[in-house]
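Chain by chain, the residues:
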6 protein chains.
Amino acid sequence: VVTFGEIMLRLSPPGSKRFLQTNYYEAIYGGGEANVAVSLANFGLHSLFVSKLPKNDIGQGAVNSLRKYGVDVSHILRGGERIGIYFLENGASQRPSKVIYDRAHSAISEVESYEFDWEKIFEDVEWFHWTGITPALSESTRKALETACIVAKSKNVKISCDLNYRKKMWMPDEAQQVMIPLMEYVDVCIANEEDPEKSLGLIPKGTFVKKAELSTEGYSQLAEELKNKFGFEVVAITLRESYSASRNGWGALLMDGKDCKQPCFSHKYDIQIIDRVGGGDSFAAGLIYGLLNYNNNKKALEFAVAASCLKHSIPGDFNLVSVEEVNKLAEGDGSGRVER
Amino acid sequence: VVTFGEIMLRLSPPGSKRFLQTNYYEAIYGGGEANVAVSLANFGLHSLFVSKLPKNDIGQGAVNSLRKYGVDVSHILRGGERIGIYFLENGASQRPSKVIYDRAHSAISEVESYEFDWEKIFEDVEWFHWTGITPALSESTRKALETACIVAKSKNVKISCDLNYRKKMWMPDEAQQVMIPLMEYVDVCIANEEDPEKSLGLIPKGTFVKKAELSTEGYSQLAEELKNKFGFEVVAITLRESYSASRNGWGALLMDGKDCKQPCFSHKYDIQIIDRVGGGDSFAAGLIYGLLNYNNNKKALEFAVAASCLKHSIPGDFNLVSVEEVNKLAEGDGSGRVER
Amino acid sequence: VVTFGEIMLRLSPPGSKRFLQTNYYEAIYGGGEANVAVSLANFGLHSLFVSKLPKNDIGQGAVNSLRKYGVDVSHILRGGERIGIYFLENGASQRPSKVIYDRAHSAISEVESYEFDWEKIFEDVEWFHWTGITPALSESTRKALETACIVAKSKNVKISCDLNYRKKMWMPDEAQQVMIPLMEYVDVCIANEEDPEKSLGLIPKGTFVKKAELSTEGYSQLAEELKNKFGFEVVAITLRESYSASRNGWGALLMDGKDCKQPCFSHKYDIQIIDRVGGGDSFAAGLIYGLLNYNNNKKALEFAVAASCLKHSIPGDFNLVSVEEVNKLAEGDGSGRVER
Amino acid sequence: VVTFGEIMLRLSPPGSKRFLQTNYYEAIYGGGEANVAVSLANFGLHSLFVSKLPKNDIGQGAVNSLRKYGVDVSHILRGGERIGIYFLENGASQRPSKVIYDRAHSAISEVESYEFDWEKIFEDVEWFHWTGITPALSESTRKALETACIVAKSKNVKISCDLNYRKKMWMPDEAQQVMIPLMEYVDVCIANEEDPEKSLGLIPKGTFVKKAELSTEGYSQLAEELKNKFGFEVVAITLRESYSASRNGWGALLMDGKDCKQPCFSHKYDIQIIDRVGGGDSFAAGLIYGLLNYNNNKKALEFAVAASCLKHSIPGDFNLVSVEEVNKLAEGDGSGRVER
Amino acid sequence: VVTFGEIMLRLSPPGSKRFLQTNYYEAIYGGGEANVAVSLANFGLHSLFVSKLPKNDIGQGAVNSLRKYGVDVSHILRGGERIGIYFLENGASQRPSKVIYDRAHSAISEVESYEFDWEKIFEDVEWFHWTGITPALSESTRKALETACIVAKSKNVKISCDLNYRKKMWMPDEAQQVMIPLMEYVDVCIANEEDPEKSLGLIPKGTFVKKAELSTEGYSQLAEELKNKFGFEVVAITLRESYSASRNGWGALLMDGKDCKQPCFSHKYDIQIIDRVGGGDSFAAGLIYGLLNYNNNKKALEFAVAASCLKHSIPGDFNLVSVEEVNKLAEGDGSGRVER
Amino acid sequence: VVTFGEIMLRLSPPGSKRFLQTNYYEAIYGGGEANVAVSLANFGLHSLFVSKLPKNDIGQGAVNSLRKYGVDVSHILRGGERIGIYFLENGASQRPSKVIYDRAHSAISEVESYEFDWEKIFEDVEWFHWTGITPALSESTRKALETACIVAKSKNVKISCDLNYRKKMWMPDEAQQVMIPLMEYVDVCIANEEDPEKSLGLIPKGTFVKKAELSTEGYSQLAEELKNKFGFEVVAITLRESYSASRNGWGALLMDGKDCKQPCFSHKYDIQIIDRVGGGDSFAAGLIYGLLNYNNNKKALEFAVAASCLKHSIPGDFNLVSVEEVNKLAEGDGSGRVER
């Protein structure tokens, strides 16, 4: 599986401290597509992450963080001005987590498509995954992504996209102008409960996201609309109910016109949150693994939801769980009993 | 806004460790009045904290902790024997937090009123806030406080008092002997659900604090009685429902014979607690800000409750939130969604 | 009170980190019987822990950890190859805690019975406690335990056993072969909801442990059966309802044919978990203290459950609470209000 | 005293760890001119730092770090894209410390001169200090600096400049083109043993900096040449002998045509290094304090060298020492005996 | 061996941080006499520490810290107002370590002699050790010490005293008034290079302590004078050469009119300092052990100096070394080679 | 380059703490051959590490630690009972570092030769490196090593051996019985100043290792004797002068009958030690790199010594330096000046 995008340095105050209270930052690396790449490597797939990083120790740290978990880094270019940084303050109870982006001028945002050898990258590859963050980075990154899609398509590689709308990166109308044309390459569309509206201009009926009330029917309609309008093979939407920064409901639906002619709704988990960043990415990775390995898309959905449920209990962007752990939860053991 | 009182060195074992388990203490500074002063500075008001601290690096650390957040420290005297210390063990679930006071002989408790230049301190000041801890420190501190009230009153400064009864500092009858006469200077009286009984001898009907069952009617009556008996302009009572050391219900009532002829009850928050020390102080600060800035006391109440709800999610004594953050919660977004 | 068993070095990643994320381990010492010994010393009893530890600084660290809390270590032998180690990853939400044992070849597992001076050890002793882990260590440890039981019995020492089945140590049939004969020495039998089946071959009816649904009637019958079949004076069973790794229900039952002719069910606590390792051991210690000090076994049960409820809020294996703290909770104050 | 320049977020791996080994960064703020401002505030002078910082919590953290130590921050503008960051890896023994700059596009580097109210800034000010880093940031910053110099000069403010050449910021010829014209405003020129060559094109004779052998005569001549060529009132050069990253020799010379007609050489210290960043800045601050407070420039020199000697023993960029501590060392007590 | 004195809570910023930089304190316990008690327990002697501590968790922590290392705590009284605290900032290079005492009103300083059962304490005891800090605490502590000396003397217990002058506790003339009369009970007098002058009014010739130049002859004369004037059996003086806070020379002399008719000078060590607090105490403990176990006082001296040399490499007040480790160094292996 | 051996979990108390003082362990992975493998990967060579590790997260952590730095882990077997552990206490000044091995029963010590596919492993490989620790692990590991040597030899792979004698693993006579026959396969023999005597029975004349006096002539003779007796192509001996645990002299000699007919002695470094574990391994790796890349063995020697000099400044077992950094030092810049 190939993923293409940005990996950033993430700097967080420890525990529940606010930015103004900390005198050190926990430093890890993460980013939508990199998170998916690590998840897939943990699931035992050959996972190739494509990006560009500066030629200094901070860039090397990002490479090492991927290599550590077995991601293939042989197509990460080195050069450019800097690595993107994001500062993350962990929320708690009624206080939301806070992200400060310092990602402008990053190496990947200034990369040119010709720097990558797409033909080589997609050799013997089954799947290509990207998210809406990549084309939001810059016009040149958008072009590189488009080229990647074209080459992948030409080699019959399956393409999945996680819409991943980020309001600090672009406005809905900019997003839609860029994202809608790219949908033509996409086979599997992944979204959260807010993305379809912001990235593709489709509005769910009857949902009030901030109040943690999600409308089942509204989302069923939305999935159907998405599928029909863009011709996706599979549509999957994660459904987060934010009771507070410490506790969320978490589930998803999948519609494929096959196993799930009507949208299948997954088991819903009630989660005590340790770190919710990367929750959506772990869902995407779980879904890709499930679609590739189970010939039952309902099972793939449950795998994806269980995988991402576990992610919320793990600090950092990466979902460090094995296929066995995910299946144990998907099969119903969420009791959290000590194993000894 | 002027506040007058003690700031102490607070030493806590990390996380949920007990005193006997720790080999280091997290060190911050805090104290009822100082906490209010910092909150107000964070809200953008000119905030002047009056106290006395020893002339050594531990005392200087207290000054710096206030200066860092923009509090005016120009009327903090330096001298005396020592800074008060309090050791705080964080509770969890059914295990309560534990406080060991080592505050006797502190510089502020041995200060004499004449050391302060009250005339200068209250120049061009709108508001004076103090809590029941200040007169509990010593007879000389009580006298200084009384002088402060007299000078403030003479300059038409509005005076608020948070009753803040501390059973490790004095007995109810001592407290009442001191506190009742001081009420004559007070315009705005702030209390928690236990204070009016201990500090002023008024008993709510039908409440069993330890069982987390608060009686709405009882508190309405109590507010009315307080208002009538002492002639306060505004009475505000915080209502904490202690389900456990990890989770509390939190709300408040306000009665002013104007916007709230009958006591207004605020929105009630269900809080996952990070640090509840300073919760009451953040309410007082929020109320002062609200009363000064909104010409609607119901809105001031909601601001105060939202501010103090957020405090519970922040480690340390100080409430490090902005007016915008408080208003966002007061307007109803407690979903804790990541901002990115 | 004498306890006999293993104390291990416990190594845990900090907070909620997974093994693969950590670059340091919090290091404490613990083990079923040692945990009971420390609890009893904290309750003010003379507590003598019998074991064997290697003659190096890691072994000495175990001795010091016991000595620190006042446990009598004068009968801990020194020698042998190594100390047992267990790695513990703290779970959260749906992710269970994970234990990796590295305890083979430990000094205690290779001890011979004659190395201990049992006659001296049981001089003027009232109570002897052991758990099912001790005989699971090795054949030679089993023999030493048997000798200990015989000597204790000959001196009229009361004997309690916590069945403590560990599936990573032995299979149910092995366990039963060893444990059933040892029951003849036991006066007080302590078990969790799974042990009687695994260690003694008795099956509760209608319980599905993993689903957190415990059957009251089933457990009553089980207690009765245990009492009848093995002739125990007292049977106590802890009842854990695992909603998740972060939250458990916790209670117990006791049957003694006296104060509790029908099984008495304790108060049930809803616990936010800090560290659940040692939960069962703290129950056993509470029960021993209660049976020795209260002439009411119902009260002993409530003391034991309250003690072990508090244990869940304390990091590490040891339950560091005083008799006063336990009684305060047992008498109904679980509000977690700050004491100041 | 006014200082004008950049304050950055400094991120360092703990202790002697390399960038590739760390999973957290110690976070402080620092920068040549800010370091001088804090030193001066610690010495009790009114210290006003002029700069621009982004309007987010990371920028606010920089403001707070200055405010904490009593620096006047009322002329720090808020706005712009980002705060400059520098990553610092602490060297040890033969391994040098390593700096990775990520300072491009910082708010201060994109500021325009008109944004500052220079007339107000220099009201009642005695001294203006800047370093060679400020004009290296960008053309617009250079212009702002020039304006500042002109306004300061017009108000008879004394101007000091620390040449502070940074090879990662510009080449010697660029530096010289910018710096030489600015020298006309400078009264007190401060340099290290390499700066005069790089920034002003003057070459010391007989020095081989990398070999830690400094030529006394060469530096005397250089000082004289500097003084003559640019007409400085006072020239001061710090002389560092780098035995290794852990141990340095440290001294300075001063020439003023008055107290030190021939260059005065200070006492030389043999320093065990804790943190050498900010060493030169602490010398500059010490010199400014000394020149303002002692009517003996030899004494001012010894004060400056002692102040900066102490800086090397303090972690972080800021020199947190009092006038008393500096004088105690300058008067000859470097024994490091415990004070108790 | 009995020791009598104070044990305090010691709070230090981590590493080389200054007080004003820290946001946590490393917390250990220590104090002159307690340090000796722990050393002696580590050497395998029965070590009984006599003191008084408050009845709270901070006092209990002190008890546990002693118990952990095997000190007999059965004669530590519990009660009183507070435990003494001292804040310690670690120096480095030319910056000295800094101590802030907050020890007034401690339980031990307000103890009365009758509270201790001296007859029982000195039953079957060979040695009694105290230091000059104990009588400096208060008049009542001085009286208790005097009683202890009288009772000890009556039972033929050998008495050693470490003069341990502290300028922050009393002036030389106060000290001399108290200390000189107490010398009548002392058999073994231990001092550093400054104590005899401050505590007993005897002045060494030709020494300039601050310049790290110690005069051998001067100290020989001083030892002789001490021995003659006060009739001590053994006089031992430690000789510290403070090159800086990071590096010291360390040795000692002993005079006993027997093995060392002329003062014996020990091997001199050149020490890279980790923590020098407790250095003198570890010498005293080493000397007591040596005098009790070797019938050669020159050997005892070398043991004491080697023990205290090792102390300087260990963080905290306590000297955690074994007899074997000390002997290995005393016999000449200071190469610091890894043992593997 | 192929290396074959053990990688262990290393657990160290932080900083200078002793084992008995710590409550956590820094956890890294290391071991003679693994350290060489990582060094070589850092130098840009293809580095293949052959070993066996248990199939649990602790074993996986070892794999990840190698993968992170780019080592090829495709021939690490998974299975067996446990990973070897070593506890390391960092020494300081006169106190030596202390190692406690808990490595018995490790997976690699119980591996059988046939488990490895040596033919595949040595395909297209230039160099094979092992150390004296590997055959000391067990008879079966010795056999595996012998097979590896035979296969390597048959493929014309160059073989280097670092004698690496460990007295806690075997006695000199056992070592010699095993090591001497293995020398027949060795082309490049690497040793420290003590190894040739212990592992091969050759005694240097005139050296007293513990006194830090090394005899140049003695070592020249020894090198010659080694070369002659065992027919090595290259002999290299590291020369450590242990002044203390904090400071060492470090150099080496090389003899090859070619570039260095008479032993070439390298530059000697005076090192302030951060972590000396892995110092010898970094020398071996540097030498292999140098011999492979420079056609001048004197230059290879200087590269090796500079590489290992830098290692002493880096925490952990692994030498994390680049070829550029090593060459910069080898070319003479050890001034440790900040690079900025």
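Definitions and cut-offs
- The numbers attached to residues start from 1 for each chain and follow its sequence in the written order.
- Each chain gets a letter, beginning with A, and each ligand a number, beginning with 1, in the order they are written.
- Where local features are concerned, this predicted model is filtered to residues with pLDDT of at least 70; where side-chain atom pairs are given and counted, the filter is 80 or more; whole-chain, interface and lining totals use all residues.
- Excluded from the side-chain calculation are hydrogens and water; included are all heavy atoms of the structure.
- Comment: elements are numbered from the N terminus, with helices defined as DSSP H or I runs of at least four residues and strands as E runs of at least two.
- Each radius of gyration is computed over the set of C-alpha atoms, and the globule rule expresses the reference value as 2.2 Å times the number of residues to the power 0.38.
- Type-normalised accessible area, obtained with a 1.4 Å probe on protein chains alone, sets the label of each residue: buried when under 20%, exposed when over 50%, and partly exposed for intermediate values.
- In what follows, a contact means two residues having at least one pair of non-hydrogen atoms within 4.5 Å.
- Accessibility throughout is a Shrake-Rupley quantity obtained with a 1.4 Å probe, and a residue counts as covered only by protein chains that appear here.
- When charges are tallied, Lys and Arg are placed among the positive residues and Asp and Glu among the negative ones, while His and the ends of the chain are skipped.
- For the purpose of locating charges, the reference atoms are NZ of Lys, CZ of Arg, CG of Asp and CD of Glu.
- Angular values range over 0 to 180 degrees, each being the angle between N-to-C directions of two axes fitted as lines to C-alpha atoms, with helices fitted over their stretch in contact.
- The handedness criterion is simple: a crossing whose near helix is rotated anticlockwise from the far helix by less than a right angle is left-handed, and one whose near helix is rotated clockwise is right-handed.
- Gly falls in the polar group here, along with every residue not listed as nonpolar (Ala, Val, Leu, Ile, Met, Phe, Trp, Tyr, Cys, Pro) or charged (Asp, Glu, Lys, Arg).
- Fitting of the copies onto one another was done by least squares over C-alpha atoms, counting residues only where both copies have pLDDT of at least 70.
- With a 1 Å grid spanning the protein atoms alone, the term cavity applies to any set of points in which a 1.4 Å probe fits but cannot get out, the term pocket to an open set with protein on both sides within 12 Å along at least five of seven lines, and the term lining residue to any residue with an atom within 4 Å of a point.
- Grid points are joined across faces, edges and corners, and a volume is the space filled by probe spheres set on the points.
- Throughout, buried area stands for the accessible area (probe radius 1.4 Å) lost by two parts on being put together, summed over both.
- Should a side-chain nitrogen of Lys or Arg be within 4 Å of a carboxyl oxygen of Asp or Glu, the pair is scored as a salt bridge.
- Any N or O atom pair separated by 3.5 Å or less is treated as a polar contact, with the protein-specific requirement of one donor-capable and one acceptor-capable atom, and with residues adjacent in sequence counted only for side-chain atom pairs.
- In what follows, a disulfide is any cysteine sulfur pair within 2.5 Å.
- The quantity called pLDDT is the predictor's confidence in a given residue, expressed from 0 to 100.
- By the convention used here, strands pair only if DSSP detects at least 2 bridges between them.
- When the centres of two rings from Phe, Tyr and Trp lie within 6.5 Å, Trp using its six-membered ring, the rings pair. Their planes under 30 degrees apart give stacked, over 60 give edge-to-face, and anything left gives tilted.

Asks: Can you lay out the overall build of chain A for me, pointing to particular residues and giving the numbers?
Replies: When helices and strands are tallied, chain A shows 11 helices and 14 strands. Over its C-alpha trace chain A gives a radius of gyration of 19 Å, about what one expects of a compact globule, namely 20 Å for 340 residues. In terms of overall dimensions, chain A has a C-alpha envelope of 50 × 45 × 45 Å along the principal axes. Looking at chain A as a whole, 69% of its 340 residues are labelled buried. Long-range contacts, defined here as pairs at least 24 residues apart, represent 68% of the contacts in chain A between residues at least 6 apart. When the accessible area of chain A is evaluated, it comes to approximately 11,200 Å², of which 47% is carbon and sulfur surface. Averaging the positions of the 39 positive and the 45 negative side-chain charges in chain A gives two centres separated by 5 Å.

Asks: I'd like a description of the packing of helix α2 (residues 57-68) of chain A against helix α2 (residues 57-68) of chain F, backed by residues and values.
Replies: In the contact formed by α2 of chain A and α2 of chain F, the axes pass within 8 Å of each other and the chain directions differ by 145°. Regarding α2 of chain A and α2 of chain F, the two cross each other, and that crossing is right-handed. Together, Asn64, Arg67 and Lys68 of chain A of α2 of chain A and Asn64, Arg67 and Lys68 of chain F of α2 of chain F make up the contact between the two elements. A class-by-class count of the residues in the contact of α2 of chain A with α2 of chain F yields no nonpolar, two polar and four charged.

Asks: Describe the relation of the copies chain A and chain B, with residues and values.
Replies: Once turned by 120° and shifted 0.0 Å along the axis, chain A lies on chain B with an RMSD of 0.0 Å. Taken together, the turn and the small shift mark the pair as related by a three-fold rotation axis. No C-alpha of chain A lies nearer the rotation axis than that of Gly15 of chain A, which sits 5.3 Å from it. Taken as a fraction of all interface residues of chain A, those also at the interface in chain B reach only 3%, which identifies the copy contact as different-surface.

Asks: I'd like to hear about unusual backbone geometry, residue by residue, with values.
Replies: Residues and elements named next belong to chain D. Unusually for a residue other than glycine, Asn156 sits at a positive phi of about 60°. Looking at the element boundaries, Asn156 is found in the loop between α5 (139-154) and β9 (158-162). Asn156 sits in the exposed class, given a relative accessible area of 72%.

Asks: Account for the relation of the copies chain D and chain F, with residues named and values stated.
Replies: Expressed as a screw operation, the relation of chain D to chain F combines 0.0 Å of axial shift with a rotation of 120°, fitting to an RMSD of 0.0 Å. Looking at the interface residues of chain D, only 3% of them are also at the interface in chain F, so each copy uses its own face.

Asks: I'd like a rundown of empty space enclosed by the protein, residues and numbers included.
Replies: Residues and elements named next belong to chain D. Applying the stated criterion to the full structure yields five cavities of 30 Å³ or more. In this model, the second largest cavity occupies a volume close to 140 Å³. Along its surface, the second largest cavity is lined by 18 residues, and Met8, Gly31, Gly32, Ile133 and Arg166 are the ones closest to its centre. Going through the elements one at a time, α1 (32-42) and β7 (98-102) are the ones with two or more residues in the lining of the second largest cavity. Here the lining of the second largest cavity is composed, by residue class, of six nonpolar, five polar and seven charged.

Asks: So what's going on with the interface of chain A and chain B? Residues and values would help.
Replies: Facing 30 residues of chain A, the contacting portion of chain B comprises 25 residues. Between chain A and chain B, the buried area comes to about 2,500 Å², and carbon and sulfur atoms account for 51% of it. At the boundary of chain A with chain B, the tally comes to three salt bridges. Residue Glu193 of chain A is joined to Arg337 of chain B by a salt bridge in which the shortest nitrogen-to-oxygen separation is 2.8 Å. Linking chain A with chain B are 10 residue pairs in polar contact (both at pLDDT 80 or more), by the criterion used here. Where the side of chain A that touches chain B is concerned, the elements lending two or more residues are β7 (98-102) and β11 (234-242) of chain A. Within the side of chain A that touches chain B, the residues separate by chemical class into nine nonpolar, nine polar and 12 charged.

Asks: Describe the state of the cysteines, listing the residues and the values that go with them.
Replies: Summed over all chains, the structure comprises six disulfides over all chains. The side chain of Cys260 of chain A participates in a disulfide bridge whose partner is Cys264 of chain A; the two sulfur atoms lie 1.9 Å from each other. Taking the sign of the S-S torsion, about -105° here, the bridge from Cys260 of chain A to Cys264 of chain A comes out left-handed. A single burial state applies to Cys260 of chain A and to Cys264 of chain A, both of which are buried. Among the cysteines around Cys309 of chain E, which has no disulfide bond, Cys264 of chain E carries the closest sulfur, lying 19 Å off. By relative accessible area, which is 1% here, Cys309 of chain E ends up buried.

Asks: Go over the interface of chain D and chain F, please, and point to the residues and values.
Replies: Taken together, the contact between chain D and chain F spans 30 residues of the former and 25 residues of the latter. At the junction of chain D with chain F, the criterion picks out three salt bridges. The interface formed by chain D and chain F holds 10 residue pairs in polar contact (both at pLDDT 80 or more) in total. Of all the secondary-structure elements, those providing two or more residues to the side of chain D that touches chain F are β7 and β11 (234-242) of chain D. Here the side of chain D that touches chain F takes three residues from β7 of chain D, the largest share from any one element. Its residues placed into classes, the side of chain D that touches chain F shows nine nonpolar, nine polar and 12 charged.

Asks: Help me get a handle on the confidence of the model for chain A, residues and values and all.
Replies: Counting all residues, the mean pLDDT for chain A is 95, and 97% of those residues have values of 70 or more. Reported for the predicted complex are a pTM of 0.96 and an ipTM of 0.94.

Asks: Explain the pattern of salt bridges residue by residue, including any values.
Replies: Side-chain pairs of opposite charge can arise where the charged atoms are in close proximity. Tallied over the entire structure, the rule returns 126 salt bridges over all chains. Among the salt bridges present, the one from Asp102 of chain D reaches Arg82 of chain A, with a minimum N-O distance of 2.6 Å. Here the residue Asp102 of chain D occupies a position in strand β7, and Arg82 of chain A occupies one in the loop between β5 (76-78) and β6 (85-89), the pair thus bridging two chains. Its relative accessible area of 9% is what places Asp102 of chain D among the buried residues. The class for Arg82 of chain A is buried, based on a relative accessible area of 2%. Among the ionic contacts, a cluster of salt bridges with common partners joins Arg18, Glu89, Arg95 and Lys98 of chain A, Glu325 of chain B together with Asp57 of chain D.

Asks: Break down the sheet that holds strand β3 (residues 24-30) of chain F for me, citing the residues and quoting the values.
Replies: The eight strands lie next to each other as β7(C)-β6(C)-β2(C)-β3(C)-β3(F)-β2(F)-β6(F)-β7(F), forming an open sheet whose pairing is mixed. Of all the strands in the sheet, the pair left with one neighbour each is β7 (98-102) of chain C together with β7 (98-102) of chain F. Within the sheet, the average angular offset between the axes of one strand and its neighbour, ignoring direction, is 30°. Alignment of strand β2 (residues 8-12) of chain C against strand β3 (residues 24-30) of chain C, held across five bridges, turns out to be antiparallel. Within the sheet, the bridge partner assigned to Leu9 of chain C lies in β3 of chain C and is Tyr29 of chain C. Strands in contact with α2 of chain F are β3, β6 (85-89) and β7 of chain C together with β2 (8-12) and β3 of chain F; relative to β3 of chain F, the strand with the most contacts, it is inclined by about 60°.

Asks: Lay out the packing of aromatic side chains with the relevant residues and their values.
Replies: Aromatic ring pairs are reported here in terms of the distance separating the ring centres and the angle at which the planes meet. Considering all chains together, one arrives at 93 aromatic pairs over all chains under this definition. On the basis of an interplanar angle of 20° and a centroid distance of 6.0 Å, the ring pair of Trp118 of chain A and Phe122 of chain A is categorised as stacked. In this structure Trp118 of chain A comes out as buried when scored by relative accessible area, which is 5%. Note on Phe122 of chain A: relative accessible area 1%, which makes it buried. Seen from their ring centres, Phe4 of chain B and Trp118 of chain B are 5.1 Å apart, and the 80° between their planes marks the pair as edge-to-face. Of this pair, Phe4 of chain B sits in strand β1 (residues 2-4) while Trp118 of chain B is found in helix α3 (residues 118-121), placing the two residues 114 residues apart along the sequence. Pair check on accessibility: Phe4 of chain B and Trp118 of chain B agree, each one buried.

Asks: Break down the environment of Leu329 of chain B for me, with residues and values.
Replies: Structurally, the position occupied by Leu329 of chain B is in helix α11 (residues 323-330). The sequence separation of Leu329 of chain B and Leu310 of chain B amounts to 19 residues, and the corresponding C-alpha distance is 8.4 Å.

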